[in-house]
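# Coordinates in review
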Amino acid sequence: MLYKLVAAGYDIEHGLTRVPDGIEGEAHVDAAEIAELKAMGVKILGENEGFTWSDVADGGFQAVGARAAAQPLARSTQLTEANDSTVRVVRADWFTTKGQGFLYVEARTTEGNQSNPVVLMQLENDSGVGTSFGFARTMSRFVDSGQYMFHRNLFKLDARPDQIKVTSSTGGVVTGKVSNWLEDAPPPLTDNPGYKSDFIDGYKHPQQLFQRAEEIAKQYPDIAEIVYLPYKTNGYQRKAQATIGGTGQSAVVVSSAAWGHEGGNDITVEFVERPGANLPLSVDVSGKAVRVQLAKDANGALASTAAQVAAALETQSQGLIDRAHPYRTNAGTGLVVPTFAPVALSDFLDQKRVGAPEGEVPRGEATIPVLRIGKHRDGRNPGVLIQAQDHAREWVPATTTLETAERLVHNYKTDQETKKIVQNTDIFLILSNNPDGANYSFYNYASQRKNMTNHCEDANADPDRRNQWGVDLNRNYRVGSAQDGYSGGSSLCTSGTYQGPEKLSEPEAKNIVWLVEKYSNIKFMMSVHSNGGQLFWQPGAYIADGRVTTPRPPLGDEAFYWQSAGRILSQVKAYRETVVTPENVGGSSDVLYSSAGNVREDLYHTYGIYAFGWEVGGSIYNPATGNWQGGSFQPAWEGDPALVSGHSETMEYANGIMEMFRIAAEWGNDKKKPTSELVPGGGRYTGSVDVRFETSEPATIYYTTDGSRPTLESPRYQATEFREPGQVFRITETTTFHWFSVDASGNVEKGYDPEKNGKNYRSATVTIVK
């Protein structure tokens, strides 16, 4: 569609941006051209004061019309990025863990997509300031969804290098400085005198979690309360079922109308052969006993097929059976044989797994409580939402979140840093967002990932599929969803990433949307998972063909995410030197995989919430073997405290969440305006000069080069490429930049109001002498 518009003569300006529904750009149009655009399939979004906003439906082009009737502006300088080098260092990080040093490097070549031959990259490093390069190694080429990403490697080193050199097989060479990663962390709160921590003595199932949340709210009413989410879960409950007659064409799958605990488990079904010939198929019901009288033909032979028996059960069982069908994809053409005894239906929830906790799980729908902690719970402070256990089998996130709650309430009166957090933030803790699935994981099937709702059609509705039912709650949201063509969600109901029958089909997902809409002060969110050892944000999904991601955050937001990640992960490291490596930090579709319809994407793009995802656990360096050792969803609680241990993971990642609260508190109190510079600045230059913007803190820059006032609709300063610093522009003709910066808290440089006619934006003229 883009090519079609260009061929028709439309001048698409100000860059093209991929968005979930197509491509956004800007075009100068008049009324006649608008009519032509509509005829070509462009959908007009609206008109306002000379601006025409338009897009193309059905995933086509989205054109944003510029000022058609306004006074002509000075000609905008066409900025060209300076990309002389075919190789760029994306990042070079040094970190230590358990006495061992490591160097992690990402480098990108502009020839990375070349496949014949594939471009090779070689890395060398020095051994400190003033030493020579050496230790040549070949870097690994990272390709995702058919697209070249970059080359990367993690290397073990004994001495911190000062610089690296990367050389490509096509002759490109670049050097770069090495930065520290998590090497300069301040002491954690747990080091403060008298600080109380380590409250959790083992894994907790949802009843224990929710009971403790209620107790905390009652014990500390001045700083805590419970918010009850309005949408009840579908419940730890199942229909009673049986598969009768094997798995062939004669098999019949039977499901009760009532939930198992509400009478379904009391139902029996029996297939009966009567003496005689020419007998019709019929169903008799006595109490909860269902007897199917099988048909016979003229010769006295059984004559009822599985399909016929299933239909009779659905229509003649007096409401006891509401679903009966042949087994899976069978047509049910086989003749049904007698059972010789009644077959009891079961919801199978009494079949406990080995190691299940004592006691029974409450049946029926569940209400999820949110533990809200804060001295001022009236919307004045920034809200922080911590959501644990979207995925049922991930037990550590729940204990981590509960440990965090205990630290807040127990240290509020005695620790000044904790008091600042409680007085300056409004914290919402969901200890388990999937209580039904979590109970099923604790009591029945430890590997359960999804909730317990069965949306399967007949082909997958027999009880042998019961451990595969449910919806992946982190695929059930609206932005970048599988329904819209993004990868990482499945329409197959038995898949571990089943997206659900529609967006927000599940009450657990609806509750999150309700919460952030009701409490609009929520500005930060952490969805806590396990056990990958990653910290990530947007983009979280992409369309596989071309690897088209959901929109990337502006450079300022990206920088704020990285800054926050460094602080959070430094506090994790402080507990036992666990390092989340740089390759596992960033946009989740870049460092993990595409996860269509995830909660982070929805909350960031729909509500402007800084939404993190956290995979606690993951690999940890084992100095005894010299290798990285992986974790698990349910590591032994008291495992080796230096390696894989549920208790240690709970403690260290609670450190990280506490730091996130401090970040939110500082964000809410931040009134300092950012500053920015054009480097090397305005002035006279011969021939050409390369310039870039720098900011005093994470901030987004809006700029113009046509003499106009910069506004929030002006071009944004962007990264050279994802995971890289900002663009470098090569200026070859005299250019005047007007710009301003906005930090993560919304503070605008010099107090400039981009919506009004002020002139206190930044300005610099780069004069080129030919």
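Residues numbered from 1 in each chain as written. Predicted model: local features only at pLDDT ≥ 70, side-chain atom pairs only at ≥ 80, totals over all residues. Heavy atoms only, no water.

Glancing now at the overall build of the protein. Helix and strand counts for the protein stand at 12 helices and 40 strands. In terms of overall dimensions, the protein has a C-alpha envelope of 110 × 75 × 55 Å along the principal axes. Pairs at least 24 apart in sequence give 72% of the contacts found in the protein among residues at least 6 apart. Averaging the locations of the 73 positively and 92 negatively charged side chains of the protein gives two centres separated by 3 Å. (Helix = DSSP H or I, 4+ residues; strand = E, 2+ residues; numbered from the N terminus. Contact = heavy atoms within 4.5 Å. Lys, Arg positive; Asp, Glu negative; His and termini not counted. Charge placed at Lys NZ, Arg CZ, Asp CG, Glu CD.)

Right, let's get into the nonpolar core. Counting residues in each nonpolar core, the largest one holds 93 residues, and the members touching the most others are Leu371, Trp614 and Phe661. Ranked by the residues each element gives to this core, the list is headed by helix H12 (residues 646–669), at eight residues. (Core = buried A, V, L, I, M, F, W, Y, C linked by side-chain atoms within 4.5 Å. Buried < 20%, exposed > 50% of the residue type's maximum accessible area, 1.4 Å probe, protein only.)

Here we come to helix H3 (residues 206–219). Relative to the 20 Å expected for 14 residues at 1.5 Å per residue, H3 spans 20 Å between its end C-alpha atoms, a close match to the ideal helical length. Buried within H3 are the following residues: Pro206, Leu209, Phe210, Arg212, Ala213, Ile216 and Ala217. With its buried residues spanning 160° around the axis, H3 presents them on a single face. Against strand S16 (224–228), strand S24 (369–373), helix H5 (396–411) and helix H7 (435–443) lie the buried residues of H3. (Expected span 1.5 Å × (residues − 1). Arc of directions from axis to C-beta.)

It is worth spelling out the packing of aromatic side chains at this point. Enumeration according to the criterion identifies 34 aromatic pairs in this entry. Arranged with centres 6.3 Å apart and planes meeting at 50°, the rings of Phe150 and Phe722 form a pair that is tilted. Taken together, the residues Phe150 in strand S12 (residues 147–157) and Phe722 in the loop between strand S37 (699–704) and strand S38 (729–731) connect sequence positions 572 residues apart. Both residues of the pair, Phe150 and Phe722, belong to the buried class. Three or more aromatic residues link up through ring pairs in this structure, and these residues are Trp181, Phe524, Trp537, Phe560, Tyr561, Trp562, Tyr604, Tyr610, Phe612 and Trp667. Lying over the aromatic face of Trp259, Lys239 brings its terminal NZ or CZ to 5.1 Å of the ring centre. (Phe/Tyr/Trp six-rings, centres within 6.5 Å; stacked < 30°, edge-to-face > 60°. Lys NZ or Arg CZ within 6 Å of the ring centre and 35° of its normal.)

Take the pattern of salt bridges next. Under the defined criterion, the tally for this structure stands at 41 salt bridges. One salt bridge connects Glu106 with Arg723, and the closest N-O pair in it is separated by 2.7 Å. One end of the pair, Glu106, is in strand S8 (residues 100–109); the other, Arg723, is in the loop between S37 and S38, with 617 residues separating them in the sequence. Assessed through its relative accessible area of 0%, Glu106 is described here as buried. Arg723 sits in the buried class, given a relative accessible area of 9%. Taking the shortest distance from any N to any O, the salt bridge between Glu652 and Arg576 comes out at 2.9 Å. Placement of Glu652 in helix H12 and of Arg576 in helix H9 (residues 555–576) is noted, with a sequence separation of 76 residues between them. Like Glu652, the residue Arg576 is buried in the burial classification. (Salt bridge = Lys/Arg side-chain N within 4 Å of Asp/Glu carboxyl O.)

Let us now look at the sheet that holds strand S17 (residues 239–244). Reading across from one edge, S17-S18-S22 is the order of the three strands in this open sheet, with antiparallel pairing throughout. With one partner strand each, in any of the chains shown, S17 and strand S22 (321–326) form the two edges of the open sheet. Going across the sheet, the axis of each strand differs from the next one's by a mean of 15°, ignoring polarity. As paired elements, S17 and strand S18 (residues 252–259) share five bridges and run antiparallel to each other. Across the sheet, Ala242 pairs through a bridge with Val254, a residue of S18. Each of S18 and S22 is contacted by helix H4 (residues 306–316), which is oriented at about 175° to S22, the strand it contacts most. (Pairing = 2+ DSSP bridges. Axes fitted to C-alpha atoms, helices over the stretch in contact; angles between N-to-C directions.)

Between Asn116 and the following residue, Pro117, the backbone shows a cis peptide bond with an omega angle of 0°. Structurally, Pro117 can be placed in the loop between S8 and strand S9 (121–125). Cis geometry marks the peptide bond from Gln538 to Pro539, where omega comes out at 0°. Here Pro539 shows up in the loop between strand S27 (522–537) and strand S28 (542–543). Of note in this structure, Gln389 is not a glycine but carries a positive phi near 60°. Mapping Gln389 onto the fold places it in the loop between strand S25 (383–388) and H5. On the basis of relative accessibility, which here comes to 1%, the residue Gln389 falls in the buried class. At Arg723, a residue that is not glycine, the phi angle is positive and equals roughly 70°.

What follows deals with the confidence of the model for the protein. The predicted model of the protein has a mean per-residue pLDDT of 92, with 91% of residues at 70 or higher. Confidence drops under a pLDDT of 50 for residues 11–20, and excluding neighbours within four residues, the segment shows 34 contacts in the predicted structure. A low-confidence stretch, residues 48–74 stays under pLDDT 50, and its non-local contacts, those more than four residues away or across chains, total 77 contacts. (pLDDT = per-residue confidence, 0-100.)

So, about the state of the cysteines. Scanning the model with the defined rule gives one disulfide in all. The disulfide bridge from Cys456 ends at Cys493, spanning 2.0 Å between sulfur atoms. Judged by the sign of its S-S torsion, about 110°, the cystine formed by Cys456 and Cys493 is right-handed. You can see Cys456 sitting in the loop between H7 and helix H8 (507–518) and its partner Cys493 sitting in the loop between H7 and H8, a full 37 residues away along the chain. Take Cys456 and Cys493: they sit in the same class, and that class is buried. (Disulfide = S-S within 2.5 Å.)

With respect to the helices and strands, Ser648 occurs in helix H12. With residues up to four places along the chain from it excluded, the contact list for Ser648 reads Tyr575, Arg576 and Pro641.

By the criterion of burial, S25 is predominantly enclosed, with six of the six residues buried. Going residue by residue along S25, you find Gly383, Leu385 and Gln387 tucked away on one face and Val384, Ile386 and Ala388 tucked away on the opposite face as well. Bridge analysis of S25 against strand S26 (residues 426–430) gives five bridges, and the strand direction is parallel. Bridge assignment links Gly383 to a residue of S26, and that residue is Asp426. As defined by bridge partners, S25 adjoins S27 across six bridges and the pair is classed as parallel. Paired with Val384 across the bridge in S27 is Phe524.

One can describe the packing of H3 onto H5 by two numbers: an axis separation of 11 Å at closest approach and a directional angle of 15°. Taken as axis vectors, H3 and H5 run roughly parallel relative to one another. Here H3 runs over H5; the crossing is left-handed. Contacts between H3 and H5 involve Leu209, Arg212 and Ile216 from the first element and Ala398, Leu402, Ala405, Glu406, Val409 and His410 from the second. Residues of the contact of H3 with H5, tallied by class, amount to six nonpolar, one polar and two charged. (Parallel < 35°, antiparallel > 145°, perpendicular 65-115°, else oblique. Left-handed = near helix turned anticlockwise from the far one by under 90°. Nonpolar A, V, L, I, M, F, W, Y, C, P; charged D, E, K, R; others polar.)

Structurally, Val174 can be placed in strand S14 (residues 173–177). Given a relative accessible area of 17%, Val174 falls into the buried group. Linking Val174 and Ile164, residues 10 residues apart in sequence, is a C-alpha distance of 8.4 Å. Beyond its immediate sequence surroundings of up to four residues, Val174 is in contact with Ser85, Val87, Arg88, Val89, Ile164, Lys165 and Val166.

Another aspect to go through is the sheet that holds strand S19 (residues 268–272). Pairing is mixed in the open sheet, where four strands are placed in the order S20-S21-S19-S23. What marks the edges here is a single partner per strand, and that holds for strand S20 (282–286) and strand S23 (343–344). In this fold H4 packs onto S19, S20 and strand S21 (289–293), with an angle of close to 45° to the strand it touches most, S20.

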